[in-house]
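The chain contents come next:
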Amino acid sequence: MKAIVYTEYGPPDVLQLKEVEKPTPKEKQILVKVHAASVNALDYRRFEKLSLLGRLMGRVVIKAINKVLGADVAGTVEAVGSNVTEFKPGDEVFGVAPGSFAEYVANGASKFALKPANVSFAEAAAVPVAAFTALQGLRDKGHIQVGQKVLIDGASGGVGIFAVQIAKAYGAEVTAVCSTRNLAMARSIGADHVIDYKQEDFTKNGQHYDLILAVNGHHPLLHYRRALSPNGICVVAGGAMSQVVRAMLLGPLVSKLGNKKIGFQGIATTPKNDLLVIKELLETGKIAPIIDRCYPLHQTVEAIRYLVEEHAQGKVVITARNNDKT
Ligand SMILES: NC(=O)c1ccc[n+]([C@@H]2O[C@H](COP(=O)([O-])OP(=O)(O)OC[C@H]3O[C@@H](n4cnc5c(N)ncnc54)[C@H](OP(=O)(O)O)[C@@H]3O)[C@@H](O)[C@H]2O)c1
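Predicted model only: the values in this text are computed from it and were never measured. (Residues numbered from 1 in each chain as written. Predicted model: local features only at pLDDT ≥ 70, side-chain atom pairs only at ≥ 80, totals over all residues. Heavy atoms only, no water.)

For the rest of this paragraph, the subject is the environment of Leu221. Within the secondary structure, Leu221 sits in helix H7 (residues 221–226). As for Leu221 and Gly142, which are separated by 79 residues in sequence, their C-alpha atoms are 16 Å apart. Each residue touching Leu221, except ones within four places of it in the same chain, is listed here: Arg246, Ala247, Leu250, Gly251, Val254 and Ile262. (Helix = DSSP H or I, 4+ residues; strand = E, 2+ residues; numbered from the N terminus. Contact = heavy atoms within 4.5 Å.)

A rise of 1.5 Å per residue sets the reference length of helix H5 (residues 158–169), with its twelve residues, at 16 Å; its end C-alpha atoms lie 17 Å apart and thus fit the reference within 8%. In terms of residue burial, H5 counts as a mostly covered element, since ten of its twelve residues are buried. The set of residues buried in H5 consists of Gly158, Val159, Gly160, Ile161, Phe162, Ala163, Val164, Gln165, Ile166 and Ala167. The first or second residue beyond H5 is Gly171, which carries a positive phi of 85 degrees. (Expected span 1.5 Å × (residues − 1). Buried < 20%, exposed > 50% of the residue type's maximum accessible area, 1.4 Å probe, protein only.)

Take helix H10 (residues 300–308) next. Along H10, the positions that sit buried rather than exposed are Thr300, Val301, Ala303, Ile304, Tyr306 and Leu307. Remark: Glu310 follows H10 within two positions and exhibits a positive phi of approximately 60 degrees.

Another aspect to go through is the domain arrangement of the chain. What the domain assignment lists for the chain is domain 1 (2–127 + 289–319) and domain 2 (130–264). Just the C-alpha atoms count here: the centres of domain 1 and domain 2 sit 28 Å apart. Contacts between the two partners involve twelve residues from domain 1, matched on the other side by 14 residues from domain 2. Of the roughly 990 Å² buried at the junction of domain 1 and domain 2 (both faces included), carbon and sulfur atoms supply 56%. On the domain 1 side of the contact with domain 2, Val127, Ile290 and Gln313 bury the most area, a combined 45% of that side's loss. For the pair domain 1 and domain 2, the interface holds zero salt bridges. (Domains from an automatic or database assignment. Buried area = accessible area lost by both parts, 1.4 Å probe. Salt bridge = Lys/Arg side-chain N within 4 Å of Asp/Glu carboxyl O.)

All right, on to the sheet that holds strand E9 (residues 173–178) then. Through backbone hydrogen bonds, the strands of a sheet pair up, either in parallel or in antiparallel fashion. Spatially, E10-E9-E8-E11-E12-E13 is the arrangement adopted by the six strands of the open sheet, whose pairing is parallel. Whereas interior strands pair on both sides, the edge strands pair on one side only; in this sheet they are strand E10 (193–196) and strand E13 (261–264). The sheet shows a mean angle of 15 degrees between the axes of neighbouring strands, taken without regard to direction. Relative to strand E12 (residues 228–236), strand E11 (residues 209–214) is paired through five bridges, and the arrangement is parallel. Opposite Tyr209, over in E12, you have Leu228 as the bridge partner. Against the sheet, helix H8 (residues 241–255) engages E11, E12 and E13, with an angle of about 145 degrees to E13. (Pairing = 2+ DSSP bridges. Axes fitted to C-alpha atoms, helices over the stretch in contact; angles between N-to-C directions.)

Attention now moves to the packing of aromatic side chains. One pass over the structure, following the stated rule, counts three aromatic pairs. Taking 5.8 Å as the distance between ring centres and 50 degrees as the angle between the ring planes, the aromatic pair formed by Tyr6 and Phe47 counts as tilted. With Tyr6 in strand E1 (residues 2–6) and Phe47 in helix H1 (residues 41–47), the pair connects residues that are 41 residues apart, well separated along the chain. Owing to a relative accessible area of 0%, Tyr6 belongs among the buried residues under this scheme. Residue class for Phe47 comes out buried when judged on its relative accessible area of 1%. Arranged with centres 6.5 Å apart and planes meeting at 75 degrees, the rings of Phe202 and Tyr209 form a pair that is edge-to-face. The two residues Phe202 and Tyr209 agree in class, both being buried. One aromatic cluster is present, built from ring pairs that chain together Phe202, Tyr209 and Tyr224. Here Lys22 stacks its cationic end above the ring of Tyr104, 4.1 Å away from the centre of that ring. Lys115 extends its terminal NZ or CZ atom over the ring of Phe121, reaching a point 5.1 Å from the ring centre. (Phe/Tyr/Trp six-rings, centres within 6.5 Å; stacked < 30°, edge-to-face > 60°. Lys NZ or Arg CZ within 6 Å of the ring centre and 35° of its normal.)

What follows concerns the pattern of salt bridges. Tallying each qualifying case throughout the model produces eleven salt bridges. Measuring nitrogen to oxygen at the nearest pair gives 3.7 Å for the salt bridge that ties Lys115 to Glu92. Placement of Lys115 in the loop between strand E7 (112–114) and helix H3 (121–125) and of Glu92 in strand E5 (residues 92–96) is noted, with a sequence separation of 23 residues between them. Since its relative accessible area comes to 12%, Lys115 is described here as buried. Accessibility expressed as a relative area gives 27% for Glu92, which makes it partly exposed. Here the residues in one salt-bridge network are Arg139, Asp140 and Asp274, joined through shared partners.

Turning our attention to the site of the ligand. The environment of the ligand is formed by 25 residues, the closest being Ser179, Arg181, Tyr197, His311 and Ala312. The contact in question runs from an oxygen atom of the ligand to an N or O atom on the side chain of Ser179, over 2.3 Å. Separating an oxygen atom of the ligand from a backbone N or O atom of Ala268 is a distance of 2.7 Å. In isolation the ligand exposes 930 Å². Once the protein is present, 90% of that is buried. Going through the elements one at a time, H1 and H5 are the ones with two or more residues in the shell around the ligand. When the residues that make up the shell around the ligand are grouped by side-chain class, the tally is nine nonpolar, 13 polar and three charged. Among the domains, domain 1 (2–127 + 289–319) and domain 2 (130–264) are the pair contributing at least three residues each to the shell around the ligand. (Near = heavy atom within 4 Å. Polar contact = N/O pair within 3.5 Å; in protein donor to acceptor, adjacent residues only side chain to side chain. Areas by Shrake-Rupley, 256 points an atom, 1.4 Å probe, with all protein chains shown as cover. Nonpolar A, V, L, I, M, F, W, Y, C, P; charged D, E, K, R; others polar.)

Structural data, given as structure tokens:
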């Protein structure tokens, strides 16, 4: 089968479309014929020219050279392992499977759910990693509650778009921070208020928020703290690496300075329960993916180059089959 593999660390050009062996599902796994996948920062972090730390991880932990790229996926079940009863060949599914930038991928059945009928394969593939991150950042770390004032810093990318919609689904009053060209989109997905980060620094406008989800961009932790209400929480999901490292290392210290909490969200997980929560939010129309661009599998390098620029308006999708329904 055809798959996107990286043979060394470096810029997106190190990716190659190669013939590799088609996976066989183990007893608790399913084999999925990939219709679509989507690109996340974690994909390019796997092969980009790594820092010392990263090289060490690459050599010792990941050993990821010659591995197929990708995680988010949507497609049809081709075969099931001997212990799988939840799915059958022909079922339309979506979920997470390492190696999804390929024609076929296999992973544990617990990492998939039936694709909602009201979304296409491309739309379904745009959901998992970004929606898991938004849901867990707001619910598990942010302890979001009805009526709270919630700010999403970076509301127009993959994670940000789901964060605005999920915060609305939890009954919050949502402020979306994005650039001028994305203000209308942020309103269209339900934001009650929008702030143009090109014109205004929300940490200096005197407004206070019960919960801030910092997805993109960069602000000093003390500036986030200044924008929090008493007992407010700032969850750093991503943004500039320096912001993530500061939140990891200094967040617990800054949180000791009073009743406001700041910290790194950690790496999102992919539990079945959360996938079913996300599936229901899709089926009820409470969340809807926004696709910025679709690229065929053989143009994955271009897709990743576009994402690395960090100005995608929604998700970047890879369609694994040129003429198949997506
Ligand atoms: N913790 C986890 O497990 C986890 C999981 C997934 C992602 N992440 C992290 O979360 C972050 C977002 O991921 P993503 O997939 O949503 O990225 P993305 O789709 O590439 O984000 C692109 C968006 O970022 C916006 N943006 C860029 N600079 C900004 C700024 N200074 N202020 C506000 N918005 C800004 C851009 O809007 P403009 O074009 O208008 O600037 C664009 O819409 C990344 O750092 C990623 O590594 C973490």
